[in-house]
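Remarks on the overall topology
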Amino acid sequence: MTKVAIMGATGYAALELIKILLRNPEVEIVALTTRSDEAPHISEIHHSLEGRLDLRCENLSAAEIAERADFVFCALPHVASMEVIPDLLADGCRVVDLSADYRLSDPAVYEQWYHHVHIDPTRLGSTIYGLPELGADKIPSANLIANPGCYTSASILGLAPLIANSLIEPTGIIIDAKSGVSGAGRKPKLGTLYPECNESITAYGVGTHRHTPEIEEVLTTLGGTDVKVTFTPHLTPMNRGILATMYPRLKEDTSLDHLKEVYRAFYADKPFVRIIDRLPATREVAGTNYCDISLQSAGNQLIVFSAIDNLIKGAAGVAVQNFNLMAGYPETTGLIV
Ligand SMILES: NC(=O)C1=CN([C@@H]2O[C@H](COP(=O)(O)OP(=O)(O)OC[C@H]3O[C@@H](n4cnc5c(N)ncnc54)[C@H](OP(=O)(O)O)[C@@H]3O)[C@@H](O)[C@H]2O)C=CC1
Ligand SMILES: CC(=O)N[C@@H](CCC(=O)OP(=O)(O)O)C(=O)O
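Naming follows an unreviewed UniProt entry, where the chain appears as N-acetyl-gamma-glutamyl-phosphate reductase of Gimesia benthica. Turning to the chain, the UniProt record has this under Sequence similarities (unreviewed entry): "Belongs to the NAGSA dehydrogenase family. Type 1 subfamily." Word for word, the UniProt comment on the chain under Subcellular location (unreviewed entry) is "Cytoplasm".

With respect to the packing of helix H6 (residues 150–164) against helix H9 (residues 256–266)
When two helices pack together, their arrangement is given by the angle between the helix axes and by the axis-to-axis distance. Two numbers describe how H6 lies on H9: the axes approach to 10 Å, and their chain directions differ by 105 degrees. Compared by their axis directions, H6 and H9 come out roughly perpendicular. Where H6 abuts H9, its residues Gly158, Leu159, Ala160, Pro161, Leu162 and Ala164 lie against Leu259, Val262, Tyr263 and Phe266. Tallied by class, residues from the contact of H6 with H9 come to 9 nonpolar, 1 polar and no charged.

A closer look at the pairing of strand S2 (residues 27–33)
The buried fraction of S2 amounts to 6 of the 7 residues, a majority that puts the element mostly inside the structure. In the sheet, strand S1 (residues 2–7) pairs with S2 via 5 bridges, with the strands oriented parallel. Bridge pairing in S2 links Ala5 to Ala31. In the classification by handedness, the crossover that spans S1, the intervening helix H1 (residues 12–21) and the parallel S2 is right-handed.

So, the UniProt feature "domain: Semialdehyde dehydrogenase NAD-binding" (unreviewed entry) in the chain
Cross-referencing UniProt, the feature "domain: Semialdehyde dehydrogenase NAD-binding" (unreviewed entry) maps to residues 3–142 in the present numbering. The annotated region residues 3–142 carries 29% helix and 17% strand content, and the separation between its end C-alpha atoms amounts to 17 Å.

Rules used in this analysis
- Residues numbered from 1 in each chain as written.
- Chains lettered and ligands numbered in written order.
- Predicted model: local features only at pLDDT ≥ 70, side-chain atom pairs only at ≥ 80, totals over all residues.
- Heavy atoms only, no water.
- UniProt positions renumbered as here; feature names shortened; annotations may be inferred.
- Axes fitted to C-alpha atoms, helices over the stretch in contact; angles between N-to-C directions.
- Helix = DSSP H or I, 4+ residues; strand = E, 2+ residues; numbered from the N terminus.
- Parallel < 35°, antiparallel > 145°, perpendicular 65-115°, else oblique.
- Contact = heavy atoms within 4.5 Å.
- Nonpolar A, V, L, I, M, F, W, Y, C, P; charged D, E, K, R; others polar.
- Buried < 20%, exposed > 50% of the residue type's maximum accessible area, 1.4 Å probe, protein only.
- Pairing = 2+ DSSP bridges.
- Right-handed = clockwise from strand over helix to strand, strands pointing away.

Printed below as a string of C-alpha cells:
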C-alpha cells in the first residue's frame, strides 16, 4: 500500500487527483491539506466525492504530512509550492509538484517570467521534468518531479517529433492555444466570473505568458538547437480542455503521410498519445489522459493540432502517470477511463 498526501486539496487539480487515485486499490490517500483551520470534510468542498473518501482537509505542516505519507502531490500555486517542497523532501517524502516552481532550469529565467525570486534555486536544473512521453527513464528513481504546465504539454507533444527529427525551422514557431476556464484554478477572480468570460473568447498574456520559456527550454533540450516560439493563449467559454494550433515551417517539402509515420514512430509505445487523421476536439479528450494530435496542411503550411484535458493530461493525469512510474505501478494505472 502506498500512502499518499495531496496538498491544495480544495482545488480543481486535486479533485481530479483524488478521483484518479481512488481507482488504484494499492493507494491510500492519508492526508489532504488546506490553509483553513476549520478542517472541512473533503465532500463539503468537492460534492462529487460524497461517499467516496472519508477524509478532512487539514492545515498540516510538512513534518505532519511526512509522518503519514510517503508520496505527496503538491497541487498548490507556484511560489506556495517551493515554500514547502524542500521540507517535504528533507522529511523523506517523494513529491510530484503540479506547479511551475521546478520546471525551468535557470533561477534568473524563473524570476524574469514569474516575477518572484526563487527560494530553492539549487534544485533548478537537476529536477526531472515529468513529461513521460519525452523520456521516462529518470522518473522512477526521482524524489521530485516537476509536472509540466497544461499549455506546455499540449504544445510540446504536438511539436516534439518535428523538433527531435530536425524537420522544421526551430525558430518562429507560432502556437495559438485555447484553454477552458478551469485552467485558471478555483480561486475566484474577476476574469473568470461567468458574465466576464462566457460568450466570449479573448487572448491574454500576449508575449508574456510564462509557459513560453517552458516550451522553449524543453524543445531546445530535445532538439539540441535553440527553439523559439510565439505563444498566444486564449481563454474560451468552456469548463475544460486545451486546443493548441501550431504553425511550424518545414525545412523541406515533406508529405503529410511521411510526417504521420514520423509521429506514429515517435509515440509508438506511448499509451496516451493518439495520432489521428480527423481534426481533434477537446470534447473527445475531456476527462481522459489522452493527447490527440492531428497533422494537416494548407498549401505549403503544415498545421499541427493538439488537444488535451487541461486538468487531466495537463495536470492530474500526467501527475499520476509520473507517480505510477515512481511507485512502480503500470504507467496507465487509474488512467484508462
Ligand atoms: N488548473 C489547471 O488546469 C492546471 C493547474 N496546474 C497547476 O496546478 C496547481 C493547482 O492548480 P489548481 O488546482 O487549478 O488551483 P486551485 O486554485 O484550484 O487550487 C489551489 C489550492 O491551493 C491552495 N493554496 C495553498 N496556498 C495557496 C496560496 N498561497 N494561494 C492560493 N491558494 C493556495 C488553495 O487551497 P486553500 O485555499 O484551501 O488553502 C487552493 O484550493 C497550480 O500550481 C496550477 O498552476 C497545472 C496545470 C493545469
Ligand atoms: C486558463 C488559464 O488561466 N490557464 C493558466 C495555465 C494553467 C497552468 O498550466 O498553470 P501552471 O503553469 O501554473 O501550472 C494560465 O494561463 O495561467
